[in-house]
Amino acid sequence: MNEQNDFDARLRQARQKQGLEKADAAAAEGSQALPGSALRIGMRAGVEVVSALIAGSGLGWLLDRWLGTFPWLFMLFFVVGGAAGVLNVYRLFNPRNGAPR
Amino acid sequence: MAAEGKTIDALSQFELTHAFGPIGAAVNFTQSNAHMLAACVVIVALMAWGMAPRAVVPGRFQALAETFYEFVENLVAGQVGHEGKRYFPFVFALFMFVLFGNVIGLLPFAFTYTSHIAVTFGLAFLVFLVTTVVALALHGKKFFGYFFPEGAPLWLAPIIVPVEVVSYLSRPISLSVRLFANMVAGHVLLKVFATFVVLLGGLGFIGPVIAVLPLSVNVLLVGFELLVAFLQAYVFAILTSIYLHDAVHLH
């Protein structure tokens, strides 16, 4: 076991000298920050907004069908879905407190 | 898009057909199901056969199996924490199923089952059910406090609660749409450029020279799609872990 620890330490030293460890540390720091470009982040944000809109208007439509109040709840929950989409995008960059990044 | 001689037919690759001849047709067994089975067989074979030697210094297959295992284990432990070990089998199965679906779908003549919203939504809904049940089992009624952050003024509840509920309900949709859209877009692009190669190649003398351009684009695209295949499986697994983290810790 000792031998292996020694090897790990030497490996880390060698990697630090070659500047490889820094990339690892950055990757570990933002484990939720997905590798990729601004385009990828934009795609994620877009998917979050659209899915929240779908969920909101779907819920509104179902409630309307149940209560027979079309189109009022549908319209209300469409707006709520938009707000939830903004919330999703906000959570994308600022996760709930305590959540690991 | 009709499948006539000289048009671009990018969507027929997603059509379902029956596999295994009349027997498959009788029970509606499609090529999508056949590829799911194939992926499961490959995963189980890799794990069983790769781990059979149990060597201290792993051979090729054992190293591959251990790499997958450790990758997902680090991911789950890093996101959910130490208690997350319980959910490792669930996340690992999802990750391998999505990853092998994406990668096997890149092989010639293969079908990508993750390019169907029914499949990805099924998986995402399973994640949604499991995380909700875990949260309810661990926290009981306190789970519903998740929809109203502590310290917010009470008169804001009629606004905050519906927004939080809709945001929670949108999780399986965003999870499934992301995977589905990435796979469909990639395969449509591949097909479009592959059709360009054929159409341009038939342009007489100069054709084959121009056709090299879309062909080289396609070579690049296959590499890119391989990246996307891994990345989307990773995204699916990490989002599952994040949702599990929320369910376990309830912040």
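Residues numbered from 1 in each chain as written. Chains lettered and ligands numbered in written order. Predicted model: local features only at pLDDT ≥ 70, side-chain atom pairs only at ≥ 80, totals over all residues. Heavy atoms only, no water.

Looking at an unreviewed UniProt entry, one finds chain B named ATP synthase subunit a and attributed to Teichococcus deserti. Entered under Function (unreviewed entry) in the UniProt record, the comment concerning chain B runs "Key component of the proton channel; it plays a direct role in the translocation of protons across the membrane." In its Sequence similarities (unreviewed entry) section, UniProt records this for chain B: "Belongs to the ATPase A chain family." (UniProt positions renumbered as here; feature names shortened; annotations may be inferred.)

Per an unreviewed UniProt entry, chain A is named ATP synthase protein I, and its organism is Teichococcus deserti. On record in UniProt, under Sequence similarities (unreviewed entry), the comment for chain A is "Belongs to the bacterial AtpI family." The record in UniProt for chain A states the following under Function (unreviewed entry): "A possible function for this protein is to guide the assembly of the membrane sector of the ATPase enzyme complex."

A. Looking closely at the overall build of chain A. Check the secondary structure of chain A and you find four helices and zero strands. The order of helices and strands in chain A, counted from the N terminus, is α-α-α-α. Burial status across chain A gives 25% buried among its 101 residues. Excluding contacts between residues fewer than 6 apart, the proportion of contacts in chain A whose partners are at least 24 apart in sequence is 49%. Accessible surface, chain A: about 7000 Å² in total, of which carbon and sulfur atoms supply 65%. (Helix = DSSP H or I, 4+ residues; strand = E, 2+ residues; numbered from the N terminus. Buried < 20%, exposed > 50% of the residue type's maximum accessible area, 1.4 Å probe, protein only. Contact = heavy atoms within 4.5 Å. Areas by Shrake-Rupley, 256 points an atom, 1.4 Å probe, with all protein chains shown as cover.)

B. Spotlight on the confidence of the model for chain A. Residue and element names in this part refer to chain A. On average, chain A scores 78 in pLDDT, and the residues at 70 or more come to 73%. The secondary structure element of chain A with the lowest average pLDDT is helix H2 (residues 21–29), at 49, and the one with the highest is helix H4 (residues 72–93), at 93. Here residues 25–33 is a poorly scored stretch, pLDDT under 50, and it has 14 contacts once near neighbours within four places are set aside; other chains count. (pLDDT = per-residue confidence, 0-100.)

C. Focus on the UniProt feature "transmembrane region" (unreviewed entry) in chain B. Listed under "transmembrane region" (unreviewed entry) in the UniProt record, and renumbered for this structure, are residues 34–52, 87–111, 117–138, 188–213 and 219–244 of chain B. The straight-line gap between the two end C-alpha atoms of residues 87–111 of chain B is 30 Å; of that span, 68% is helix and 0% is strand.

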